[in-house]
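# Examination of the molecular architecture
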Amino acid sequence: MCDCGNENNNVLLPQIGVITDIRRETPDVKTFRVVGRDGKKLFEHMPGQCAMVCIPGVSEAMFSITSSPTNKEYQEFSIKQCGSLTNVLHNLQVGDEVLVRGPYGNNFPVDTVLKGKDLLFIAGGIGLAPLRSVINYCIDKRDEYGTIDIVYGARSADDLVRLDEIKDVWMNVPGVNVHLTIDREQEGWDGHVGFVPNYVKELDLNVDKVALLCGPPIMIKFVLQGLKELGYTDEQVYTTLELRMKCGIGKCGRCNVGNKFVCKDGPVFRYDEIAATTGEF
């Protein structure tokens, strides 16, 4: 587990976070901007790490930190409405408070393996959330990385998370190529139509890249198959399994994948570390 930000922060001790901004991304996804009561960032983190967000008396759950570590003012969480806790979170207002503890888990190797490499980000639906932190980190340190390709798809154009940032920022950064797709034809959409795994193969990009992916398990399964067909090795592929994280500290035993515990060994894995257990996630 990465100790980023832990020197002066007990990850088991909840901190009070104040919501300073709420942005609706899609019909069922909102992004919450959170700071401490002192107006400062709660703690430092690295791309791919998560935090536990809690509503006392309701529940708590692990969410990816979607803002980049290069942002020193706040943290953001993009949360899909899909249960009792997220229903309550979606009804909060600016100024309301939540409890946050973290960061948990390891991170994408942005300062080691990925440095100087051409990168391929592949995301589906809310799966863009954990990758957004990595993408913005690499964009903010643009000179340290090669060409960046982003393949992102959702059920419809309305379900594309952070479409404003994608169009206004990512698409205007030199050396960054964004490839958007939606599952089915939609009025007003003039972009690509088709599923992400097929689109990745259609693009036929240079395979001398490191691929980072996140999305629904079925998407990950077929993207991995497609990457193999294109010539990618298991060592070239990283994924994050943060949706399996429960307690975050290896005590509940509910996040195991094979002989790995997602909270202790992940949530970021190089694919060869979990290739034998693909059916379990």
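Numbering of residues starts from 1 in every chain and runs along the sequence as written. Residue-level local features of this predicted model are given only where pLDDT is at least 70; pairs of side-chain atoms are given and counted only at 80 or more, and the full residue set underlies all totals for whole chains, interfaces and linings. Note: side-chain values were computed over all heavy atoms of the structure, leaving out hydrogens and water.

Looking now at the pairing of strand S11 (residues 210–214). Whether a residue is buried, partly exposed or exposed follows from its accessible area with a 1.4 Å probe, protein chains only, as a fraction of its type maximum: under 20%, in between, or over 50%, in that order. Only DSSP runs of H or I reaching four residues or more are called helices, and only runs of E reaching two or more are called strands; each is numbered from the N terminus. Among the five residues of S11, five are classified as buried, and the element is accordingly described as predominantly covered. Side chains Val 210, Leu 212 and Cys 214 of S11 all project onto a buried face; the interleaved residues Ala 211 and Leu 213 project onto the opposite face, where all are buried too. Each pair of strands is called paired provided DSSP finds at least two bridges between the two strands. One ladder, built from five bridges, connects strand S7 (residues 119–124) with S11; its direction is parallel. Bridge assignment links Ile 122 to a residue of S11, and that residue is Leu 213.

Next up on the list: the side chain of His 179. Residue placement: His 179 occurs in strand S9 (residues 176–182). Reaching out from His 179, the side chain makes a polar contact with the side chain of Asp 149 at a distance of 2.9 Å. Residue contacts are counted whenever heavy atoms from the two residues lie within 4.5 Å of one another. If near-sequence neighbours (up to four positions away) are discounted, His 179 is found in contact with Asp 149, Ile 150, Val 151, Tyr 152, Tyr 199 and Leu 203. Whenever two N or O atoms come within 3.5 Å, that pair is a polar contact, provided that in protein one can donate a hydrogen and the other can accept it, and provided that, for residues adjacent in sequence, both atoms are side-chain atoms.

Moving on, we get to the confidence of the model for the protein. Per residue, pLDDT captures the predictor's confidence, and it can take any value from 0 to 100. Mean pLDDT over the protein works out to 90, with 89% of the residues at or above the 70 mark. Note on residues 1–8: pLDDT under 50 across the span, and 17 contacts to partners over four residues away in sequence or across chains.

Pairing is antiparallel in the open sheet, where six strands are placed in the order S4-S3-S6-S1-S2-S5. Taken across any chain shown, the strands that pair with only one partner, and hence form the sheet edges, are strand S4 (59–64) and strand S5 (75–80). Neighbour-to-neighbour, the strand axes of the sheet open up by a mean angle of 40 degrees, direction not taken into account. Here four bridges tie strand S3 (residues 50–55) to strand S6 (residues 97–104), and the two strands are oriented antiparallel to one another. The residue of S6 that forms the bridge with Cys 50 is Tyr 104. To define axes, lines are fitted to C-alpha atoms, for helices over the stretch in contact only, and angles between the resulting N-to-C directions are given on a 0 to 180 degree scale.

Counting residues in hydrophobic clusters, the biggest one holds 36 residues, and the most contacted among them are Phe 108, Phe 121 and Leu 212. Mapped onto this core, the elements with two or more residues apiece are S7, helix H2 (128–140), strand S8 (148–154), S9 and S11. Ranked by residue count, the leading element in this core is H2, at seven residues. Each residue touching Phe 108, except ones within four places of it in the same chain, is listed here: Pro 47, Gly 48, Leu 114, Leu 131, Val 134, Leu 212, Tyr 238, Thr 240 and Val 268. Only buried Ala, Val, Leu, Ile, Met, Phe, Trp, Tyr and Cys residues count toward a nonpolar core, and they belong to the same one when joined by side-chain atoms within 4.5 Å. In terms of nonpolar packing, the next biggest core, distinct from the first, is built from 22 residues, Val 223, Leu 224, Val 237 and Tyr 271 among them.

Note on aromatic contacts: the rings of Phe and Tyr and the six-membered ring of Trp form a pair at centre separations within 6.5 Å, being stacked when their planes are under 30 degrees apart, edge-to-face when over 60 apart, and tilted otherwise. In the structure shown here, the tally under the stated rule is zero aromatic pairs. Here, a charge over a ring is recorded when the distance from Lys NZ or Arg CZ to the ring centre is within 6 Å and its angle to the ring normal is within 35 degrees. When the ring centre of Tyr 74 is taken as reference, the NZ or CZ atom of Arg 33 above it lies at 4.0 Å.

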